[in-house]
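# Close look at the chain arrangement
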Amino acid sequence: MILLDEPWDTLDADGSAWLTATLVAKRDHGAALVLTSEQHHDLVRVCDVFLVLLHQRGVLIHAHQLNPDGPATAADLDAAIETLRTDRAGARASVVAVE
């Protein structure tokens, strides 16, 4: 199991690409990944299940629910989170991605 908090936060483009490729390889070899990040474009490249913490509850979102016709994008995840936020204006969502 790999647990990382904001792993892409201080990386440049090359470091970010390396980290994403490394996490995908680890995932593909059976590692469980738990990541927190505000970098949704990075999360959707690595994870297929997202736990959104909002309004004192957690909501699981599967990538195939975000875009049943193809790979999920950051825009798909952002739209789903925004839909959840409309339940209570002004609340801030945290995302924990679980692979």
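A brief structural summary.

### With respect to the overall build of the protein chain
- Helix and strand counts for the protein chain come out as 4 helices and 5 strands.
- Along the chain direction, N to C, the helices and strands of the protein chain fall in the order β-α-β-α-β-β-α-α-β.
- In the protein chain, the proportion of contacts linking residues at least 24 apart, taken out of those at least 6 apart, comes to 62%.
- Per element, the accessible surface of the protein chain, about 5,900 Å² overall, is 53% carbon and sulfur.

### Some remarks on the side chain of T20
- Position of T20 relative to the elements: it lies in helix α1 (residues 13–28).
- Look at T20 and you get buried, because its relative accessible area is 9%.
- Among residues more than four places away in sequence, those in contact with T20 are W8, D42, R45 and V46.

### A short note on the environment of A25
- Its place among the elements puts A25 in helix α1.
- Residues A25 and V46, 21 residues apart in the sequence, show an inter-C-alpha distance of 9.5 Å.

### Some thoughts on the nonpolar core
- Ranked by size, the top nonpolar core spans 21 residues in total, and within it W8, L23, L35, V46, F50, I61 and L66 carry the most contacts.
- Examining the composition of this core, we find that 4 residues originate from one element, helix α4 (residues 74–85), more than from any other.

### With respect to the pattern of salt bridges
- The final tally for this structure, using the stated rule, is 3 salt bridges.
- R27 is paired through a salt bridge with D28; the nearest N and O atoms lie 2.9 Å apart.
- Residue class for D28 comes out exposed when judged on its relative accessible area of 54%.

### Things to note about unusual backbone geometry
- Of note in the backbone geometry, E6 takes a positive phi value of approximately 50 degrees without being a glycine.
- Its place among the elements puts E6 in the loop between β1 (2–5) and α1.

### Notes on the pairing of strand β3 (residues 49–54)
- Note: β3 against strand β4 (residues 57–62), 6 bridges, orientation antiparallel. Each residue of the ladder has a partner; that of V52, found in β4, is V59.
- Between β3 and β4, which pair antiparallel and follow one another directly, the connecting turn spans 2 residues, one of which, H55, has a positive phi of 55 degrees.

### Describing α1
- Its 16 residues place the ends of α1 22 Å apart at the C-alpha level, agreeing with the 22 Å of an ideal helix rising 1.5 Å per residue.
- Within α1 the residues assigned to the buried category are G15, S16, L19, T20 and L23. For α1, the arc enclosing every buried residue in end-on projection is 135 degrees, short of the 170-degree limit, so these residues lie on one face. In α1, the exposed positions angled more than 90 degrees off the buried face are occupied by A13, D14, W18 and D28.

Basis of the calculations
- Residues numbered from 1 in each chain as written.
- Predicted model: local features only at pLDDT ≥ 70, side-chain atom pairs only at ≥ 80, totals over all residues.
- Heavy atoms only, no water.
- Helix = DSSP H or I, 4+ residues; strand = E, 2+ residues; numbered from the N terminus.
- Contact = heavy atoms within 4.5 Å.
- Areas by Shrake-Rupley, 256 points an atom, 1.4 Å probe, with all protein chains shown as cover.
- Buried < 20%, exposed > 50% of the residue type's maximum accessible area, 1.4 Å probe, protein only.
- Core = buried A, V, L, I, M, F, W, Y, C linked by side-chain atoms within 4.5 Å.
- Salt bridge = Lys/Arg side-chain N within 4 Å of Asp/Glu carboxyl O.
- Pairing = 2+ DSSP bridges.
- Expected span 1.5 Å × (residues − 1).
- Arc of directions from axis to C-beta.

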